[in-house]
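Okay, here's what each chain looks like letter by letter:
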Amino acid sequence: MSEHSPHETGTPVPLDQGHVEGTGGIPERFANPGLPPHVPRASDLSEAAADRAEKQVAGLFTLSILGTLLFLVAYFMVDVQTLTFVPGLGDVSLSNILLGLGLSLGLLGIGLGAVHWAKTLMPDEESVEMRHPMRSSDEAREEFVATMAGGAESSQITRRPLMKATLGGALGLFSLPLLLQLVGSLGPLPKNDLSVTYWNGKKGEDGHWTAHKWRLVRDPENTPVKAEDVTIGSVFHILPEGLLDMEHHRLEEKGKAAVLLMRLNPDDFQDTPGGRKARDWGYQGIVAYSKICTHVGCPVGLYEQTTHHLLCPCHQSTFDVTDDCKVIFGPAKRPLPQLKITVDDEGYLIADQPFQEPVGPSFWERES
Ligand code: FES
């Protein structure tokens, strides 16, 4: 009868009788190091230290409360169009900065407070649990239930009203940003909003638009473009003149009016209805298309000069510029809207007419 090692028979190997794999079968005996000596915390030894720890925990929960209040103030009182300059990022929405800051402080205060509470005031006992069958014994189960039942008492939350009140306040208030994000920030359907862009002309005080043929300007340089500047193969990121000088709603209007400008050899357009329309709406092979992907609205920013394809980096929808930006690959369902262009008396490119259909995603009924 052959002899079996404890590993083969499944017999548990005491910690101080094992050997290390990969040592050529030579047993490496080692002693169980055990646990380091227990060092009591200051808060275990002195009630004053425990009170100090409680104040620190309460301070962190209060920080969370202040952060959540900052979020609420930013949400209701700061106009999302108000911009502030952040080094490295440029102009960004002040509201977004404050919302992010408030939310971060709200979460951070609760998280750090809970960790500090656990490290200073919750029970500090090391224990060793030996391996045992997966199912606990009946006594262990009863013990667990009793431990959980006494948890509130041993964590001191019932004895420390200041901490209890601030934790309740922090957690209670923090539910408001979540509710606001879920319910209050969905916004209206984009239906009509995406039908009218800055290319439609000038918007009067009464909200009515007067037609105007805006010059095409480079983004972000804000300089007009002459037809001769656009060489074959080049791509320009374009906005309507005046948009970058807006004080209000600049980001919103920019998102809708952004256009890509390219020049093709006029012979490169396909001899299809779409190809002919694309050439006719352009100027000497220069064409302008909305930059907002018709799938879910990412900026279409990649132009393959040799194939004349525009590629959306989000889900790889591909549009054929030689055939009116028809979708030839990917999840987008309709072509990019084309901006009809021509030149003014000084040779600068201008919009001859605004987009003839809504820009952006087509997930709503455009006909309505
Ligand atoms: S947003 Fe462009 S492919 Fe999805």
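Placed above this text is the structure.
These numbers were taken from a predicted model, which means no experiment stands behind them. (Residues numbered from 1 in each chain as written. Predicted model: local features only at pLDDT ≥ 70, side-chain atom pairs only at ≥ 80, totals over all residues. Heavy atoms only, no water.)

Draft legend 1. View of the packing of aromatic side chains. Summed over all chains, the structure comprises three aromatic pairs. Ring centres 5.2 Å apart and planes at 75° place the aromatic pair Tyr75 and Phe76 in the edge-to-face group. Judged by its relative accessible area of 22%, Tyr75 falls in the partly exposed class. Connected via pairs of aromatic rings, a cluster forms that spans Phe71, Tyr75 and Phe76. Above the ring of Tyr348, the side-chain terminus of Lys226 is found at 5.0 Å from the ring centroid. (Phe/Tyr/Trp six-rings, centres within 6.5 Å; stacked < 30°, edge-to-face > 60°. Buried < 20%, exposed > 50% of the residue type's maximum accessible area, 1.4 Å probe, protein only. Lys NZ or Arg CZ within 6 Å of the ring centre and 35° of its normal.)

Draft legend 2. Quick look at the sheet that holds strand S14 (residues 349-353). One open sheet accounts for six strands, arranged S5-S6-S7-S8-S13-S14; its pairing is antiparallel. The open sheet is flanked by strand S5 (216-218) and S14, the only strands paired with a single partner. Mean inter-strand twist for the sheet, computed between neighbouring axes without regard to direction, equals 45°. (Pairing = 2+ DSSP bridges. Helix = DSSP H or I, 4+ residues; strand = E, 2+ residues; numbered from the N terminus. Axes fitted to C-alpha atoms, helices over the stretch in contact; angles between N-to-C directions.)

Draft legend 3. Spotlight on the pairing of strand S6 (residues 235-240). In terms of strand pairing, S5 meets S6 through three bridges, oriented antiparallel. Bridge pairing links Arg218 to Ile238 in S6. The sheet contact formed by S6 and strand S7 (residues 259-263) spans four bridges and is antiparallel. In the strand pairing of S7, His237 is matched with Leu260.

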